[in-house]
Amino acid sequence: MHVVFRESHGLEETETPTDLGQSPADLVVLSFSDSDLGAFAAGWHRAAGNLPALRLANLAALKHPLSVDTYVEQTLSSAKGVLIRLIGGLSYWSYGIQQVSDLARRQGIALAVLPGDGRPDPQLDAASTVPVSTLRRLAQLCDTGGPVSAQAAPAQLALAAGLYAGPVRGAKVLPQVGVWIPEDGVICPIAAFPVAGTAPRALVVFYRAYLAAADTAPVAALTEALRARGFAVTGLFAPSLKTPEAAGWLARQVRALKPDAIVNATSFSGISASGTSPLDAAGVPVFQVALSTAPRDAWAGAERGLSPADLAMHVVLPEVDGRLFAGVASFKETAARDPALEFARAAHRPDPDRIAAIADRVARWVALGRKTAPERRAALVLSTYPDKDWQSVHAVGLDALASAEAIAETLAGDGWTIAPGAPLEQALSETLAWPLADYLAELRRLPDPLRTRIEAAWGAPQDDPANATNRSPYPMLHLLRERSLERAIAGYPGTESIPEQNVELMNRLGADHMRNLLIRTLSPG
């Protein structure tokens, strides 16, 4: 059948027909989950030729009935075994299940339709053609996850289809929680760090789902970057920071392993009903990193960088726990099409520059933590808004100035060197004035895109009308008699605001007015 896909017509007007262009194979696995498909890809390659030919496809590309019909005819019709892992139940792919189930019964294909949430589903059992015992075994392997189970599941399907599959070596059970390092995989917690080592220790905490999907490249990259900076590093994985059993295990491991820093690659807040997070057990800085769900191009092209969902998951909610945001570690990218599987996998791809920046930040924090209090210098960054002095250090419901002064007093009490000075409200109301040449020199140090945007919003610094408040068209020597100045100040209230008033006047008159005035002043006659 030849189909020209140009526009959407049919039962689902919001979907566009898609031709995946996959050739037939003995086994086919379909799922809505990139994690599922990534795990099966890793499992098939792990078999090193001991599994039949396999095709993988995301059901999201097969929503339109015409897409289903084309895929059934071109790819599934020659298959011996088909495994479908369905998230959300039969209603999420009802037309597809109907067509594939009918094909399997007509052609004797071993079909296993499994729920993606781990709960038995009689409707999906009824759509399958393999025995219930085979369905339960396949479901157990898929729910367990990991590359060994992802190899064992298609091997089990192959046997159900009457095909040969070689033995699957290795533990098919992936623990709910555990210790992991890139070179050895899951290891005993006792071997997490060298017993007699003196290097600073770092823990990288991540979701078990990444391990189950063979999607641990960002964790491995963070591990190697921290090792390159002198750290002993190990990973801890768990399904969640809030599951009571997992949270308890994590807290015990964090406390026992005594890290100097923790890098957290999970999302959301980890604070439980008790008001604590398992990552707080060691009392060390916790650095939050983002594994973006979008491609790098989308991040680079967006003014805010991360998407609203990623900002909420990886920045806003983790800040509730007091975590330090260290940056974006990876982006979700679609790899090149695997010619053996005819499938392009979407996975988290670490960004080398971002990984290096994260590791540098962690290393600097740990180095700072090893200094004595008098050796440290404090810097508090407070918000401000151009041309809106009344909003400087603005925070809804908070007295930011009082908080900053309280922080400074606390640090001074802990031995930090905090120089005395005027109250912050007074100190921050003073205007900072730079000579134009110095300002331009600093401006040239900014990245070109940022400098261009600043100039587009505010104009060229040399064209600022406020420059006219301290310029003269002729060389000038300004002499003031101290006694005369004292009398003038005494008779004129508010002299301290004269510079600001002059700037305000120049801005009202505008650059064109001041330029024309200068031209008239310098014109002969």
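Report follows, based on the coordinates. Everything numeric in this text was worked out from a predicted model, so none of it was measured. (Residues numbered from 1 in each chain as written. Predicted model: local features only at pLDDT ≥ 70, side-chain atom pairs only at ≥ 80, totals over all residues. Heavy atoms only, no water.)

1. Comments concerning the overall build of the protein
A tally of regular secondary structure across the protein gives 19 helices and 12 strands. For 525 residues, the compact-globule estimate of 2.2 N^0.38 gives 24 Å, and the protein exceeds it by more than 25% at 32 Å. Counting every position in the protein, which comprises 525 residues, the buried fraction comes to 39%. Nonlocal contacts in the protein, meaning residues at least 24 apart in sequence, comprise 71% of its contacts between residues at least 6 apart. Looking at the protein as shown, the accessible area adds up to about 29400 Å², and 56% of this sits on carbon and sulfur atoms. Across the protein, the 47 positively charged side chains and the 54 negatively charged ones have centroids separated by 6 Å. (Helix = DSSP H or I, 4+ residues; strand = E, 2+ residues; numbered from the N terminus. Rg over C-alpha atoms; globule rule 2.2 N^0.38 Å. Buried < 20%, exposed > 50% of the residue type's maximum accessible area, 1.4 Å probe, protein only. Contact = heavy atoms within 4.5 Å. Areas by Shrake-Rupley, 256 points an atom, 1.4 Å probe, with all protein chains shown as cover. Lys, Arg positive; Asp, Glu negative; His and termini not counted. Charge placed at Lys NZ, Arg CZ, Asp CG, Glu CD.)

2. A short note on the environment of leucine 311
Take leucine 311: it is sitting in helix H11 (residues 308–319). Separated by 123 residues in sequence, leucine 311 and cysteine 188 place their C-alpha atoms 34 Å apart.

3. Examining a negative patch on the surface
A surface patch of negative charge is lined by Asp399, Glu405, Glu409 and Glu425. Structurally, glutamate 409 can be placed in helix H13 (residues 400–413). (Patch = residues over 30% accessible without salt bridge, like charges linked within 9 Å, V, L, I, M, F, W, Y side chains within 5 Å. Salt bridge = Lys/Arg side-chain N within 4 Å of Asp/Glu carboxyl O.)

4. Some points on H13
Here H13 spans 20 Å end to end across 14 residues, near enough to the 20 Å set by a 1.5 Å rise per residue. Taken together, the buried positions of H13 are occupied by Ala400, Leu401, Ala404 and Leu411. The arc that holds every buried residue of H13, seen down its axis, measures 105°, which confines them to one face. Exposed residues lying more than 90 degrees from the buried face of H13 are Glu409 and Gly413. Remark: glycine 415 follows H13 within two positions and exhibits a positive phi of approximately 100°. (Expected span 1.5 Å × (residues − 1). Arc of directions from axis to C-beta.)

5. With respect to the packing of aromatic side chains
According to the stated counting rule, one finds five aromatic pairs in the structure shown. With a centroid separation of 5.6 Å and 75° between ring planes, the pair formed by tryptophan 180 and phenylalanine 206 is classed as edge-to-face. With tryptophan 180 in strand E5 (residues 178–181) and phenylalanine 206 in strand E7 (residues 201–207), this residue pair connects regions lying 26 residues apart in the sequence. The exposure classification of tryptophan 180 matches that of phenylalanine 206, with both residues buried. An aromatic cluster of at least three residues, connected via ring pairs, comprises Trp180, Phe206 and Phe237. (Phe/Tyr/Trp six-rings, centres within 6.5 Å; stacked < 30°, edge-to-face > 60°.)

6. Describing the sheet that holds strand E2 (residues 54–58)
Reading across from one edge, E2-E1-E3-E4 is the order of the four strands in this open sheet, with parallel pairing throughout. Edge strands, defined here as strands with exactly one partner in the open sheet, are E2 and strand E4 (110–115). For this sheet, the mean angle separating the axes of adjacent strands, direction not counted, is 10°. Each of strand E1 (27–31), E2 and strand E3 (81–86) touches helix H1 (residues 34–46); the most contacted strand, E2, lies at about 165° to it. (Pairing = 2+ DSSP bridges. Axes fitted to C-alpha atoms, helices over the stretch in contact; angles between N-to-C directions.)

7. Focus on the pairing of strand E10 (residues 286–291)
For E10, the tally of buried residues reaches six of six residues, placing the bulk of the element in the interior. Alignment of strand E9 (residues 261–264) against E10, held across three bridges, turns out to be parallel. If you follow isoleucine 262 over to E10, its bridge partner there is valine 286. Pairing analysis gives five bridges linking E10 to strand E11 (residues 324–334), with the strands arranged parallel. Paired with phenylalanine 287 across the strands is leucine 324, a residue of E11.

8. Some thoughts on the side chain of histidine 348
Inspection of the secondary structure puts histidine 348 in strand E12 (residues 346–350). When residues no more than four places from it in sequence are discounted, the contact partners of histidine 348 are Tyr210, Asp215, Ala217, Pro218, Leu291, Ser292, Ser330, Phe331 and Lys332.

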